[in-house]
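# Chain and residue survey
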Amino acid sequence: MVKQHDIVIIGAGAAGMMCAVEAARRGRSVLVIDHAKAPGEKIRISGGGRCNFTNIHCSPKNFLSDNPHFAKSALARYTPQDFIARLAVHGIAWHEKTLGQLFCDGSARQIVDMFVTDMREAGVDLRLSTVVEAVEKTDAGFAIRLADGAVVAQSLVIATGGKSIPKMGATGYAYRLAEEFGLNVTETRPGLVPLTLDPVRLSEWAPLAGLALPVRAKAGKGAFDEAMLFTHRGLSGPAILQASSYWREGTDVALDILPDLDLAASLRQAKKQNGRQALLTALADFLPRRFAEWVVADAAMPPKPLADLPDRALEALAARLRPLTVRPAGSEGYRTAEVTLGGVDTGGLDSRTLEAMTVPGLFFIGECVDVTGWLGGYNFQWAWASGHAAGQAA
Ligand SMILES: Cc1cc2nc3c(=O)[nH]c(=O)nc-3n(C[C@H](O)[C@H](O)[C@H](O)COP(=O)(O)OP(=O)(O)OC[C@H]3O[C@@H](n4cnc5c(N)ncnc54)[C@H](O)[C@@H]3O)c2cc1C
């Protein structure tokens, strides 16, 4: 006999588990299906194993979407404070790092365990290592054919995430299913991803590999003041990951080194105060020494004291750094991207419930929707908030 549930959720990740707990607490019978061996694998590896689970400054402006208003409703009804209150119930300690980013004191696994406990206590049925073969709309809801049987449900929630990190089982399943049901899917791209450089630029910057320094990275409409890391493949670090979500192939990224300092004025001042000082020593007051060495060598500046360098030479040197424009060759792609930009078109979804407007009973939540957060806990906050919204309605 085919087992009947009120709700079937495909995907036991951040959004799917939140949705399951909320729906089951309303008395709905819920089955969660995942093809992975364990639930919440991305939670477990996130934030360097400590999970940057939310951001206290979360607001709709921290998200990219074709419709910047879409996320407002769900985000307003489930806030970072709501998630913090949930952690408190389970005694999970946390701390704030920089820029409002909240991390577990202990391990990200505590958050996975919290959801597993909450799902068990609410009576959610969790089936792992289970492959969905087909989904069909019926008069009563949905028929879901599994590799090892079949289930039917009144509501079907798709929470299978995006395409990032295929090694962890990311499949892009939600996009295919959305299209099967006639929903539009906006262009998908890797986001929060390191950028690669062409061989010429790479060899030019080879001496800088492994070096991090604060920059203002600008791409498209995004501008971020954070650390940038030179790598053997190109550029990474939070500033670049953030900018990557706004970057498009064939366009430049502007890197403003020392964005809040007038370097030319500072070097002229240093020359006035201590003209015997070497240019490199003066520069190293403002920049990491390795970077300062590279700047001096790259500009072929003579190894002279400041007093022997005309002001215009100091000004020309400072001008080389502001802004440093680079045209990335590409990105590292889904292999290392933290998120997938784009996805199920919000135009086809109800922003209060995440239900498909043309397919009653079908919901899309989490990363598979065309709502993508900045780096810093915003993507989990969207997963919690959208999962919560659907959990109240499905
Ligand atoms: C390395 C890394 C670190 C990250 N760190 C952070 C962080 O610190 N803070 C933050 O806010 N965000 C972080 N993110 C982003 C965050 O993990 C995601 O945005 C979030 O997990 C999305 O939640 P989701 O529930 O939509 O999808 P997921 O968490 O990806 O869950 C999807 C689930 O669906 C299952 N699934 C997929 N396809 C199928 C299928 N066909 N059949 C059955 N099941 C399927 C998967 O196995 C998975 O369990 C990080 C991402 C990565 C890759």
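Everything discussed here concerns the structure shown above.
What comes next concerns the included structure. (Residues numbered from 1 in each chain as written. Predicted model: local features only at pLDDT ≥ 70, side-chain atom pairs only at ≥ 80, totals over all residues. Heavy atoms only, no water.)

## Things to note about the environment of Asp-113
Put simply, the test is: Numbering of helices and strands runs from the N terminus, with a helix taken as a DSSP run of H or I at least four residues long and a strand as a DSSP run of E at least two residues long. The buried label goes to any residue with under 20% of its type's maximum accessible area, the exposed label to any with over 50%, and the partly exposed label to all in between, with areas taken from a 1.4 Å probe on protein chains only.
Following the sequence through the fold, Asp-113 ends up in helix H5 (residues 109-122). A relative accessible area of 40% places Asp-113 in the partly exposed class. Once the C-alpha coordinates of Asp-113 and Gly-40 are considered, the two residues, 73 residues apart in sequence, prove to be 9.1 Å apart.

## Topic: H5
As a reminder, the rule being used: Here the expected span of a helix is defined as 1.5 Å times the quantity of residues minus one. For this quantity, the arc is that covered by the directions from the helix axis to the C-beta atoms.
Counted at 1.5 Å a residue, the expected span for H5 with its 14 residues is 20 Å, and the 20 Å between its end C-alpha atoms agrees. Of the positions making up H5, those classed as buried are Ile-111, Val-112, Met-114, Phe-115, Asp-118 and Met-119. Around the axis of H5, the buried residues are gathered within 155° of arc, so they sit on the same side. Facing away from the buried side of H5, by more than 90 degrees, are the exposed residues Arg-120 and Glu-121. Once H5 finishes, Gly-123 follows within two positions and takes phi at roughly 85°, a positive value.

## Considering the site of the ligand
Using the following cut-off: Residue proximity to a molecule or strand is established when one non-hydrogen atom of the residue lies within 4 Å of it. Pairs of N or O atoms are called polar contacts if they sit within 3.5 Å, as long as, within protein, a hydrogen donor faces a hydrogen acceptor (for residues adjacent in sequence, only side-chain-to-side-chain pairs). Only the protein chains shown count as cover for residues, and the accessible areas themselves come from Shrake-Rupley with a 1.4 Å probe. The nonpolar class holds Ala, Val, Leu, Ile, Met, Phe, Trp, Tyr, Cys and Pro. Asp, Glu, Lys and Arg form the charged class, and all remaining residues, Gly among them, are polar.
Near the ligand you find 30 residues, and of these Ala-15, Asp-34, Asn-52, Glu-367 and Phe-380 are the closest. Separating an oxygen atom of the ligand from a backbone N or O atom of Ala-14 is a distance of 3.1 Å. Separating a nitrogen atom of the ligand from a side-chain N or O atom of Thr-171 is a distance of 3.1 Å. Protein contacts shield 92% of the accessible area of the ligand, which totals 1000 Å² for the unbound molecule. Broken down by secondary-structure element, the contributors of at least two residues to the shell around the ligand are helix H1 (14-25), helix H2 (41-45) and helix H13 (378-393). When the residues that make up the shell around the ligand are grouped by side-chain class, the tally is 13 nonpolar, 13 polar and 4 charged.

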